[in-house]
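Structure assessment
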Amino acid sequence: MTERKPKSRGAGLPKKPRRGAAKKRTSAHGGEAEATRYYYKGNRHKQLRAFVATVKLGTLSRAAEALYLSQPSVSLQLQALERELGTILLERRRRRINLTDAGEALYELARPLVEGWENLDRDFQAKVQGLQAGKLVIAAGTSTIQYLLPELVRRYRERHPAVQLQLANVTGKDGLAMLREDKADFAVGSMLDVPHDIAWEPVRHYDPMLILPPDHPLAAKEPLELQDLSPWGLILPPQRLSTYRLVDLVFQQNQVPYKVAIEVGGWDVIKEYVAMGLGISIVTGICITDADRERLAVRNMSRWFPQRSYGVVMRKGKFLSAEARAFIDLIRPGLLTYRDYDEPGHSGR
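Cut-offs applied
- Note on numbering: residues in each chain are counted from 1, in written sequence order.
- Selection of residues for local features in this predicted model requires a pLDDT of at least 70, selection of side-chain atom pairs for listing and counting requires 80 or more, and totals for whole chains, interfaces and linings are taken over all residues.
- To obtain the side-chain values, all non-hydrogen atoms of the structure were included, while hydrogens and water were left out.
- In plain words, nonpolar cores are sets of buried Ala, Val, Leu, Ile, Met, Phe, Trp, Tyr and Cys residues tied together by side-chain atoms within 4.5 Å.
- Three labels apply to residues, based on accessible area from a 1.4 Å probe with only protein chains included: buried if under 20% of the type maximum, exposed if over 50%, partly exposed otherwise in between.
- By definition, any uninterrupted DSSP run of H or I lasting at least four residues is a helix, any uninterrupted run of E lasting at least two residues is a strand, and each is numbered from the N terminus.
- Residue contacts are counted whenever heavy atoms from the two residues lie within 4.5 Å of one another.
- The axes are straight lines fitted to the C-alpha atoms, using for helices just the contacting stretch, and the angles between their N-to-C directions are given from 0 to 180°.
- Any angle that falls under 35 degrees is termed roughly parallel, while one over 145 is termed roughly antiparallel, one within 65 to 115 roughly perpendicular, and all others oblique.
- Lys, Arg, Asp and Glu make up the charged group, whereas Ala, Val, Leu, Ile, Met, Phe, Trp, Tyr, Cys and Pro make up the nonpolar group; the residues left over, Gly among them, are polar.
- Put simply, the grid is 1 Å and covers the protein atoms alone, a cavity is a trapped set of points that fit a 1.4 Å probe, a pocket is an open set with protein on both sides within 12 Å along at least five of seven lines, and lining residues have an atom within 4 Å of a point.
- Grid points are joined across faces, edges and corners, and a volume is the space filled by probe spheres set on the points.
- In this analysis, rings of Phe, Tyr and Trp, with Trp reduced to its six-membered ring, are considered paired at centre separations within 6.5 Å, and the interplanar angle assigns stacked below 30 degrees, edge-to-face beyond 60, and tilted for intermediate values.
- Given the number of residues in a helix, its expected span is that number minus one, multiplied by 1.5 Å.
- The definition of a polar contact used here is a pair of N or O atoms within 3.5 Å, where within protein one atom must be able to donate a hydrogen and the other to accept one, and adjacent residues in sequence count solely through side-chain atom pairs.
- Arc definition: it is the arc formed by the directions from the helix axis to the C-beta atoms.
- None of His or the chain ends enter the tally, which takes Lys and Arg as positive and Asp and Glu as negative.
- When a carboxyl oxygen of Asp or Glu lies within 4 Å of a side-chain nitrogen of Lys or Arg, that pair is called a salt bridge.

So, the nonpolar core
With 38 residues, the main nonpolar core has Leu-136, Phe-186, Val-283 and Phe-327 as its most contacted residues. Contributions of two or more residues to this core are made by β5 (135-140), α7 (150-159), β7 (186-190), β8 (198-206), β9 (208-212), α10 (267-275), β14 (308-315) and α12 (322-331). It is α12 that provides the largest number of residues to this core, a total of 6 residues. Phe-186 has contacts with Leu-136, Val-137, Ile-138, Ala-139, Leu-179, Val-312, Val-313, Met-314, Ala-324, Phe-327 and Ile-328, leaving out every residue within four places of it along the chain. If you look at the next biggest cluster of nonpolar residues, it comprises 20 residues, including Leu-48, Leu-90, Ile-97 and Val-114.

Description of the packing of helix α2 (residues 60-67) against helix α3 (residues 71-85)
For the pair α2 and α3, the least separation of the axes is 8 Å and the interaxial angle reads 105 degrees. As summarised for this structure, α2 and α3 are arranged roughly perpendicular, according to the angle between their axes. Here Leu-60, Ser-61 and Ala-64 of α2 come into contact with α3, specifically with Gln-71, Val-74, Ser-75 and Leu-78. Considered class by class, the residues forming the contact of α2 with α3 number 4 nonpolar, 3 polar and no charged.

Observations regarding empty space enclosed by the protein
Within this structure, the stated rule accounts for 1 cavity of 30 Å³ or more. Taken as a whole, the largest cavity holds about 70 Å³ of empty space. Those elements that place two or more of their residues in the lining of the largest cavity are α9 (242-253) and β12 (281-284). Here the residues of the lining of the largest cavity are counted per class, giving 7 nonpolar, 2 polar and 1 charged.

Here's the deal with the packing of aromatic side chains
In this structure the tally under the stated criterion is 6 aromatic pairs. Ring centres 6.1 Å apart and planes at 45 degrees place the aromatic pair Phe-186 and Phe-327 in the tilted group. In this pair, Phe-186 is assigned in strand β7 and Phe-327 in helix α12, connecting sequence segments 141 residues apart. On the basis of relative accessible area, Phe-186 is assigned to the buried category, the value being 0%. An aromatic cluster is present here, built from Tyr-156, Phe-186 and Phe-327 joined pairwise through their rings.

As for helix α1 (residues 44-57)
Helix length check: α1 (14 residues) gives 20 Å between terminal C-alpha atoms against 20 Å at 1.5 Å per residue, within 8%. All of the buried residues in α1 are Gln-47, Leu-48, Ala-50, Phe-51, Val-52, Ala-53, Thr-54 and Val-55. On its buried face, α1 is in contact with α2, α3, β3 (90-93), β4 (96-99) and α4 (101-118). Between the side-chain oxygen at the start of α1 and the backbone nitrogen of His-45 there is a gap of 3.2 Å, and the oxygen is on Asn-43. Among the residues trailing α1, Gly-58 stands out with phi positive, at a value near 95 degrees.

Quick look at α9
Its 12 residues give α9 an end-to-end C-alpha distance of 16 Å, which sits within 8% of 16 Å, the value for a rise of 1.5 Å per residue. Of the residues making up α9, those classed as buried are Thr-243, Tyr-244, Leu-246, Val-247, Val-250 and Phe-251. What you see down the axis of α9 is that its buried residues fit within an arc of 165 degrees, all on one side. Opposite the packed face of α9, turned more than 90 degrees from it, sit the exposed residues Gln-252 and Gln-253. Looking at the buried positions of α9, the neighbouring elements they touch are β10 (233-236), β11 (259-263), α10, β12 and β14.

Quick look at the layout of surface pockets
For the largest pocket, the calculated volume is near 880 Å³. The wall of the largest pocket is formed by 35 residues, among which Val-170, Thr-171, Gly-172, Leu-241 and Ser-242 lie closest to the centre. Elements supplying a minimum of two residues to the lining of the largest pocket: β5, α6 (142-148), α8 (172-180), β7, α9, α10 and β14. Sorting elements by how many residues they give to the lining of the largest pocket places α8 first, with 5 residues. Split by residue class, the lining of the largest pocket holds 16 nonpolar, 14 polar and 5 charged.

With respect to the side chain of Arg-308
As for its position among the elements, Arg-308 is in strand β14. Within the buried set, Arg-308 has no salt-bridge partner at all; the shortest N-O distance to an opposite charge, 10 Å, is to Asp-193. A polar contact is formed between the side chain of Arg-308 and the side chain of Ser-242, at a distance of 3.0 Å. Arg-308 has contacts with Ser-190, Leu-192, Arg-204, His-205, Tyr-206, Ser-242, Thr-243, Leu-246 and Thr-284, leaving out every residue within four places of it along the chain.

Shown next, in the form of structure tokens:
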């Protein structure tokens, strides 16, 4: 007889996989299928939540603080996510986290999912019970807040009195920064150049208007040419604003000289100075009221200057809350049904 050797302790039992090593599992068809399962896997939602927080805040420590986790926990979740997806998502450079191309693609997909999940309870209650609470932040310029939004705000407050509404009075540049940092739900205003990570849907259009004192020589001149404005001092908003840049561009393109007499902010101030005879101005039709036409001469300048369009501005991939959607429906019912605001776009980071 052949002598059998005694089995060692634990023989015949499956070996415990090493930490971090992949394990095999049985597929639905009965065969063995390789599955990349790691000791620290967690669920996908936690991993994506850590990933989105890290990208938005720029460092692991800030992400950990925002998620009430330790920094090693966030790091392990990110490592597990990269292993499971089989690609590098983040790179460390001088204490900052930078996205790879793959990370950029995942961020645009994951961000609205994570934001939607975090707002699920609130939006569910809003759907079932109506908007009984919540907060809505809209970024807009002075002219938009003063002339375009008042009626919309009145109707919104009548329908949703419990919603805390904040109108952030900012320039276009600062409004885009608020959108990218998630400090505003959306913006309302005019745009000359639309960045690749921003979605914009124009809804109102206004002609450019020349305003003058009623007894001004140009008030009744026919035809009125662009060069007729050269001898007269213009009253314009500050150079940092789009109106000034647009006026300058038109004069430069037509090689017509012009001069600025007064540089001051606010359409109401400009109209008052024109009425006092301190100069003439080119404004957007949005700010012209019936009372203005009684004290000022108003000439349409659409032959020379382009129309200004005002509309809804938001970051591509942004998850809109129920409060935001309710306000946008007041601007134009069904606006979101034909424009996909949740389409992914390249980050402006």
